[in-house]
Amino acid sequence: GSTSRMEVSFYDIDLKVQGMTTLEECLKEFFLKEELSGDNQYACDACNAKVDAERGIELLELPAVLHLQLMRFVYDLKSNARKKVTNAITFPRVLDLTEHCGAVREAQR
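Definitions and limits used
Residues numbered from 1 in each chain as written. Predicted model: local features only at pLDDT ≥ 70, side-chain atom pairs only at ≥ 80, totals over all residues. Heavy atoms only, no water. Core = buried A, V, L, I, M, F, W, Y, C linked by side-chain atoms within 4.5 Å. Buried < 20%, exposed > 50% of the residue type's maximum accessible area, 1.4 Å probe, protein only. Helix = DSSP H or I, 4+ residues; strand = E, 2+ residues; numbered from the N terminus. Contact = heavy atoms within 4.5 Å. Phe/Tyr/Trp six-rings, centres within 6.5 Å; stacked < 30°, edge-to-face > 60°. Lys NZ or Arg CZ within 6 Å of the ring centre and 35° of its normal. Salt bridge = Lys/Arg side-chain N within 4 Å of Asp/Glu carboxyl O. Arc of directions from axis to C-beta.

Novice: It is not clear to me how the nonpolar core should be interpreted in this structure. Could you clarify?
Specialist: Nonpolar side chains in soluble globular proteins tend to be buried together. Counting 14 residues, the largest nonpolar core has Leu 15, Val 17, Leu 23, Cys 26, Leu 27, Phe 31 and Ile 89 as its most contacted members. Residue assignment for this core shows that the elements contributing at least two residues are strand E1 (12-16) and helix H1 (23-30). A per-element tally of this core places H1 first, with 3 residues. Among all residues touching Leu 15, those that are not within four sequence positions of it are Leu 23, Cys 26, Leu 27, Phe 30, Leu 68, Gln 69, Leu 70 and Met 71.

What follows is the structure, given as structure tokens:
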């Protein structure tokens, strides 16, 4: 199959925290690949058809300073209002994002 890429500069990552207890869990959820199939298929320009695909985020390189935004507010359908997520999130002393950096992974192969 073919690969479609879009490179975008970034300085921050918005992380969902609901149901999470560690920063690593938040990052793992952020980088999960999404399956595009059925009614949600990818429109492939190369083959001019809708096809099953995966969509995800891969870091090419990290900025000098990276901001991690913890998304502490969610929309509650029952109350029709925003709700604050109050669970604690633990942070590691050193954050290693190597597994999420495609250029680093390629160099290690």
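Further notes follow.
Novice: I keep staring at the packing of aromatic side chains and nothing clicks. Help me out?
Specialist: The relation between two aromatic rings is expressed through the spacing of the ring centres and the mutual angle of the planes. A full pass over the atoms with the stated rule returns 1 aromatic pair. Pairing Phe 30 with Phe 31 gives two aromatic rings, centres 5.0 Å apart and planes at 90°, and the pair type is edge-to-face. Residue placement shows Arg 82 over the ring face of Phe 73; its charged tip is 4.4 Å from the ring centre.

Novice: Help me out: how do you make sense of the pattern of salt bridges in this one?
Specialist: Side chains that differ in charge, positive against negative, can pair when their charged atoms come close. What the rule picks out here adds up to 3 salt bridges. The residue Lys 16 makes a salt bridge to Glu 29 at a minimum N-O spacing of 3.9 Å. Of this pair, Lys 16 sits in strand E1 while Glu 29 sits in helix H1, and the two are 13 residues apart along the sequence. Here Lys 16 falls in the partly exposed class, since its relative accessible area comes to 48%. With a shortest N-O distance of 2.7 Å, Glu 34 and Arg 55 are connected by a salt bridge. One end of the pair, Glu 34, is in strand E2 (residues 34-36); the other, Arg 55, is in strand E5 (residues 53-55), with 21 residues separating them in the sequence.

Novice: What is the right way to look at the environment of Glu 29 in this model?
Specialist: The exposure class assigned to Glu 29 is partly exposed, which follows from its relative accessible area of 27%. Separated by 15 residues in sequence, Glu 29 and Cys 44 place their C-alpha atoms 26 Å apart. In this structure, Glu 29 is in contact with Lys 16 and Met 20, ignoring residues within four places of it in sequence.

Novice: Please clarify how H1 should be interpreted in this entry.
Specialist: Since there are 3.6 residues in each turn of an α-helix, residues three or four apart along the chain are aligned in direction. For H1, the set of buried residues is Leu 23, Cys 26 and Leu 27. Along the axis of H1, the buried positions cluster into a sector of 95°, meaning they face one direction only. On the buried face of H1, the contacting elements are E1 and strand E6 (67-71).

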